[in-house]
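# Descriptive analysis of the structure
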Amino acid sequence: MHGAGHILEVFYLILAAQVMAFLFKRLNQPVVIGEVLAGILVGPALLGWVHEGEILEFIAELGAIFLLFMVGLETRLKDILAVGKEAFLVAVLGVAFPFVGGYFYGLQIGFATLPSLFLGTALVATSVGITARVLQELGVLSRPYARIILGAAVIDDVLGLIVLAVVNGVAKTGQVETGAILQLILLSVAFVGLAVALSPLFARLPLEKLPMGSPMGFALALGIGMAALAASIGLAPIVGAFLGGMLLSEVREKYRLEEPVFAIESFLAPLFFAMVGVRLELAALVSPATLVAGTVVTVIAILGKVLGGFLGSLTQGVRSALTVGVGMAPRGEVGLIVAALGLAAGAVNEEEYAIVLFMVVFTTLFAPFALKPFIAWTEKGLRQAKE
């Protein structure tokens, strides 16, 4: 019966996500928002039909992995490298501005140094899954601004991991663990560098001659393997999945990889976004102090990423640069992980955790709503420039 219970929960998630996706499509709104709200509806916050658990969390993570694997398949490495300078600047500025803003605001409202550092760290990393879904939905993954967002998200994850390692080390030992941080940097750079170096080889790889059941079987093994390898060195699994997809992007049409991967992603990705909703503890957001501080932190979080994205990609034009900034705004589960680590280390209390939760909820909901009109505005400008 234990298995039957999980199957029922998956059924509730799928049904709610599909119904809400249908409604949001009819309303001409981002489908991803409907999927997150579906999770809130069937989760502990409202109906209580679905609860967090290891099995559902694992299925949800697979959803994120396949979403970014699919996005990687549609993204050629040469296109990312073409906007590499902008992607790097967007990532660096998008980490620096929110971190500094969050840290100093924490000090301003009376937090000690360590909780303020955790607050700044929670504002650092972008949850690219939300943005990737909107870019995919609108069919603009090939645009330069989309490639900047995706490239910046990979660098952003590495930088965010380094900042988290520094702050977490200070929380646990009272000092910066230089050796561990250096190892983390070297492993991360080596992992991304290896993917870049192998790309030309994969473009010529005869998948049908490999000792695998099918080219699709090899693709699945590569995507999951790259995600597992990324997770083993401390990076987000979705970064590995994205790079794995990108390695196969040159041969996706030859071996018809897109349709079967998209079929798997269409099943699993809505479960990932619905589980984002299930995890949201809405009851923690109602205290007046949380509402005020959470609103200010949310504004800092959004402005920090928008400013970093705008300044870093201004060479693409004002419209594209603003779209990049908005695309980098959602924090999703990454901010919650940082806050949970702070809570576990005793560096953050329940009130401070609730402020981060507030920020995560509203940046997650803000980004798709704002991104859609910004993309429409940018696309209009690109069309006008051609005429």
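Everything here concerns the structure above.
Before going into details, it helps to say that this report is about the structure given with it. What you see is a predicted model, and the numbers here were worked out from it, not measured in a lab.

## Points about the overall build of the protein chain
Regarding its fold elements, the protein chain presents 16 helices and zero strands. The dimensions of the protein chain, computed from C-alpha atoms along their principal axes, are 60 × 50 × 50 Å. Going through the 387 residues of the protein chain one by one, you find that 53% of them count as buried. Looking at the protein chain alone, contacts between residues at least 24 apart form 79% of all its contacts between residues at least 6 apart. Only carbon and sulfur atoms are counted for the fraction: they give 69% of the accessible area of the protein chain, which is about 16500 Å². Side chains of the protein chain carry 22 positive and 26 negative charges; the gap between the two charge centres is 12 Å.

## Remarks on helix H6 (residues 113-122)
Among the ten residues that make up H6, eight are buried, leaving the element largely enclosed by the rest of the structure. Taken as a whole, H6 has its buried residues at Pro115, Ser116, Leu117, Phe118, Leu119, Gly120, Thr121 and Ala122.

## Some thoughts on the pattern of salt bridges
The final tally for this structure, using the stated rule, is seven salt bridges. One salt-bridge network, held together by shared partners, links Arg252, Glu253 and Glu258.

## Some points on the nonpolar core
Grouped burial of nonpolar side chains is what soluble globular proteins tend to show. Membership of the largest hydrophobic core comes to 128 residues, with the highest contact counts inside it found for Leu13, Val71, Leu135, Phe242, Leu243, Leu248 and Met359. The dominant element in this core, judged by the number of residues it contributes, is helix H8 (residues 144-173), at 15 residues. Other than its neighbours up to four places away in sequence, Phe242 contacts Leu68, Phe69, Val71, Gly72, Thr75, Ile80, Leu150 and Val154.

## Side note on unusual backbone geometry
One non-glycine residue with positive phi stands out, namely Asn28, at about 60°. Looking at Asn28, the relative accessible area reads 54%, which means it is exposed. A positive phi angle, near 50°, is found at Arg256, a position not held by glycine. By the secondary structure assignment, Arg256 is in the loop between helix H11 (237-247) and helix H12 (258-279).

## Brief notes about helix H16 (residues 350-386)
Taking 1.5 Å of rise per residue, the 37 residues of H16 would be expected to cover 54 Å, and the 53 Å separating its terminal C-alpha atoms lies within 8% of that figure. Considering bend angle alone, the principal kink of H16 is centred on Leu371 and spans about 25°; proline Pro373 follows within four residues of it.

## Focus: the environment of Leu343
Tracing the backbone through its elements, the reader meets Leu343 in helix H15 (residues 332-344). Leu343 gets classed as partly exposed once you look at its relative accessible area, which sits at 30%. Sequence spacing of Leu343 and Ala180 is 163 residues, and the spatial spacing of their C-alpha atoms is 22 Å. Excluding anything up to four places from it in sequence, Leu343 contacts Val348, Asn349, Glu350 and Tyr353.

## Points about a nonpolar patch on the surface
Residues Leu8, Phe11, Leu15, Val19, Phe22 and Leu23 make up a contiguous nonpolar surface patch of roughly 540 Å² in combined accessible area. Within the fold, Val19 resides in helix H1 (residues 2-26). Judged by its relative accessible area of 43%, Val19 is partly exposed.

## Things to note about the packing of aromatic side chains
All chains considered together, the criterion is met by eight aromatic pairs. Relative to Phe104, the ring of Tyr103 has its centre 5.2 Å away and its plane inclined at 70°; by these criteria the two rings are edge-to-face. Residue Tyr103 is classed as buried on the basis of its relative accessible area of 19%. According to the relative accessible area criterion, Phe104 is exposed, its value standing at 52%.

## Examining the packing of helix H3 (residues 54-73) against helix H7 (residues 128-137)
Running from N to C, H3 and H7 cross one another at 50°; their axes reach a closest spacing of 10 Å. With respect to each other, H3 and H7 are oriented oblique. Note that H3 runs across H7; the crossing there is left-handed. Within the contact between the two elements, H3 uses Leu67, Leu68, Met70 and Val71 and H7 uses Val128, Gly129, Ala132, Arg133 and Gln136. For the contact of H3 with H7, a count of residues per class yields six nonpolar, two polar and one charged.

Criteria and thresholds
Residues numbered from 1 in each chain as written. Predicted model: local features only at pLDDT ≥ 70, side-chain atom pairs only at ≥ 80, totals over all residues. Heavy atoms only, no water. Helix = DSSP H or I, 4+ residues; strand = E, 2+ residues; numbered from the N terminus. Buried < 20%, exposed > 50% of the residue type's maximum accessible area, 1.4 Å probe, protein only. Contact = heavy atoms within 4.5 Å. Areas by Shrake-Rupley, 256 points an atom, 1.4 Å probe, with all protein chains shown as cover. Lys, Arg positive; Asp, Glu negative; His and termini not counted. Charge placed at Lys NZ, Arg CZ, Asp CG, Glu CD. Salt bridge = Lys/Arg side-chain N within 4 Å of Asp/Glu carboxyl O. Core = buried A, V, L, I, M, F, W, Y, C linked by side-chain atoms within 4.5 Å. Expected span 1.5 Å × (residues − 1). Bend = angle between axes of the 7 residues up to and from the residue. Patch = residues over 30% accessible without salt bridge, like charges linked within 9 Å, V, L, I, M, F, W, Y side chains within 5 Å. Phe/Tyr/Trp six-rings, centres within 6.5 Å; stacked < 30°, edge-to-face > 60°. Axes fitted to C-alpha atoms, helices over the stretch in contact; angles between N-to-C directions. Parallel < 35°, antiparallel > 145°, perpendicular 65-115°, else oblique. Left-handed = near helix turned anticlockwise from the far one by under 90°. Nonpolar A, V, L, I, M, F, W, Y, C, P; charged D, E, K, R; others polar.

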